[in-house]
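Inside the fold
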Amino acid sequence: MAATPIAVITGASSGIGAATARTLAAAGYRVVLTARRKDRIEALAAEITAAGHQATAYALDVTDRGAVDEFATAFRSLAVLVNNAGGALGADPVATGDPADWRQMYETNVIGTLNVTQALLPALTASGDGTVVILSSTAGLSTYEGGGGYVAAKHGEHVLAETLRLEIVGTPVRVVEIAPGMVRTEEFATTRFRGDTEKAAKVYAGVDAPLTAEDVADTIGWAVTRPSHVNIDLLVVRPRAQASNTKVHREL
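Heads up: these notes are all about the structure in this document. (Residues numbered from 1 in each chain as written. Predicted model: local features only at pLDDT ≥ 70, side-chain atom pairs only at ≥ 80, totals over all residues. Heavy atoms only, no water.)

1. Things to note about the nonpolar core
Formed by 35 residues in total, the largest nonpolar core has its most connected members in Val 31, Leu 33, Ile 178 and Ile 220. Setting aside residues no more than four positions away along its own chain, Val 31 makes contact with Ala 7, Ile 9, Ala 21, Leu 24, Ala 25, Ile 48, Gln 54, Ala 55 and Thr 56. (Core = buried A, V, L, I, M, F, W, Y, C linked by side-chain atoms within 4.5 Å. Buried < 20%, exposed > 50% of the residue type's maximum accessible area, 1.4 Å probe, protein only. Contact = heavy atoms within 4.5 Å.)

In structure tokens, the structure reads:
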């Protein structure tokens, strides 16, 4: 009897990460949920288990390389890695942006993805059919005012995915990049604006139907479950109301 394939999801405590965990668990994977907030991922693991699926929670800061390497020792074989941990801080122009915010965004989005991918790549390769998913953003493909630090970090993550795909071609590991546009989750914009819910709400004001975390998770689930020889190099997903990072239809 074949072993249940394992999927690791980083940043699984809320939003896209949590929705992806539910989606992949329902698709038959044993999901390993990682995030810094242990209580959140333990509650989600309990929910998934109660639904009849398999889930494990592991508290992890993806920017802590020692902790990531220790985490990776648990896996001899791994089917899927979803690099979802990341996020945005602030919306200041380049001239006045806080270097500490830029550094934190780079550390989480880029170095965090690098840490986990490097540590788990041997297990993904050993599976004979591994998939690395990198959750970037349309911010990784084009710029917008006030987004310099986040855009720079997501461009870095995009290039990481593109380069890795070139470097490991010929191995049994796919590299999939999913680049969402406007997604309304419970925390992304609020975190970006440091708890200012009024500013966060303005991001989505007048937009009839931004993407949801479940929309993106569904996209990830689809990409991961394609036949082994099919690689979804880059998939951009936006709500119908959004034509670009700066062109959004709003009914105000």
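There's more to say after this.
2. Comments concerning a negative patch on the surface
Together, Glu 186, Glu 214, Asp 215 and Asp 218 give the surface a local cluster of negative charge. Classification of Glu 186 by relative accessible area gives exposed; the value is 52%. (Patch = residues over 30% accessible without salt bridge, like charges linked within 9 Å, V, L, I, M, F, W, Y side chains within 5 Å. Areas by Shrake-Rupley, 256 points an atom, 1.4 Å probe, with all protein chains shown as cover. Salt bridge = Lys/Arg side-chain N within 4 Å of Asp/Glu carboxyl O. Lys, Arg positive; Asp, Glu negative; His and termini not counted. Charge placed at Lys NZ, Arg CZ, Asp CG, Glu CD.)

3. Some details on the packing of helix α4 (residues 99-126) against helix α5 (residues 148-167)
Where α4 meets α5, the axes come as close as 7 Å, and the angle between the chain directions of the two elements is 20 degrees. Looking at the two axes, α4 sits roughly parallel to α5. As α4 runs across α5, the sense of the crossing is right-handed. Residues Trp 102, Met 105, Tyr 106, Asn 109, Val 110, Thr 113, Leu 114, Thr 117 and Leu 121 of α4 touch α5, and the partners they reach there are Gly 148, Gly 149, Tyr 150, Ala 152, Ala 153, Lys 154, Gly 156, Glu 157, Leu 160 and Leu 164. Grouping the amino acids of the contact of α4 with α5 by side-chain chemistry returns 11 nonpolar, 6 polar and 2 charged. (Axes fitted to C-alpha atoms, helices over the stretch in contact; angles between N-to-C directions. Helix = DSSP H or I, 4+ residues; strand = E, 2+ residues; numbered from the N terminus. Parallel < 35°, antiparallel > 145°, perpendicular 65-115°, else oblique. Left-handed = near helix turned anticlockwise from the far one by under 90°. Nonpolar A, V, L, I, M, F, W, Y, C, P; charged D, E, K, R; others polar.)

4. Observations regarding empty space enclosed by the protein
Applying the stated criterion to the full structure yields 1 cavity of 30 Å³ or more. Taken as a whole, the largest cavity encloses approximately 70 Å³ of empty space. Along the wall of the largest cavity there are 15 residues; nearest its centre are Leu 89, Gly 90, Asp 92, Trp 102 and Met 105. The set of elements that each furnish at least two residues to the lining of the largest cavity consists of α4 and α5. (1 Å grid on protein atoms, 1.4 Å probe; cavity = no way out; pocket = protein on both sides within 12 Å on 5 of 7 lines; lining within 4 Å. Points joined across faces, edges and corners; volume = space filled by probe spheres on them.)

5. Points about the sheet that holds strand β1 (residues 6-9)
Spatial ordering of the open sheet is given by β3-β2-β1-β4-β5-β6-β7, a layout of 7 strands whose pairing is parallel. Edge strands, defined here as strands with exactly one partner in the open sheet, are β3 (54-59) and β7 (234-237). The mean inter-strand angle of the sheet, taken between neighbouring strand axes irrespective of direction, is 15 degrees. Of the pairings in the sheet, the one linking strand β5 (residues 130-135) to strand β6 (residues 173-180) comprises 6 bridges and is parallel in character. Each residue of the ladder has a partner; that of Val 133, found in β6, is Val 176. Packing of helix α1 (residues 15-26) onto the sheet brings it into contact with β1, β2 (30-35), β4 (80-83) and β5, and relative to β1 it is tilted by some 170 degrees. Strand contacts of α4: β1, β4, β5 and β6, with the helix running at about 175 degrees to β4, the strand carrying the most contacts. (Pairing = 2+ DSSP bridges.)

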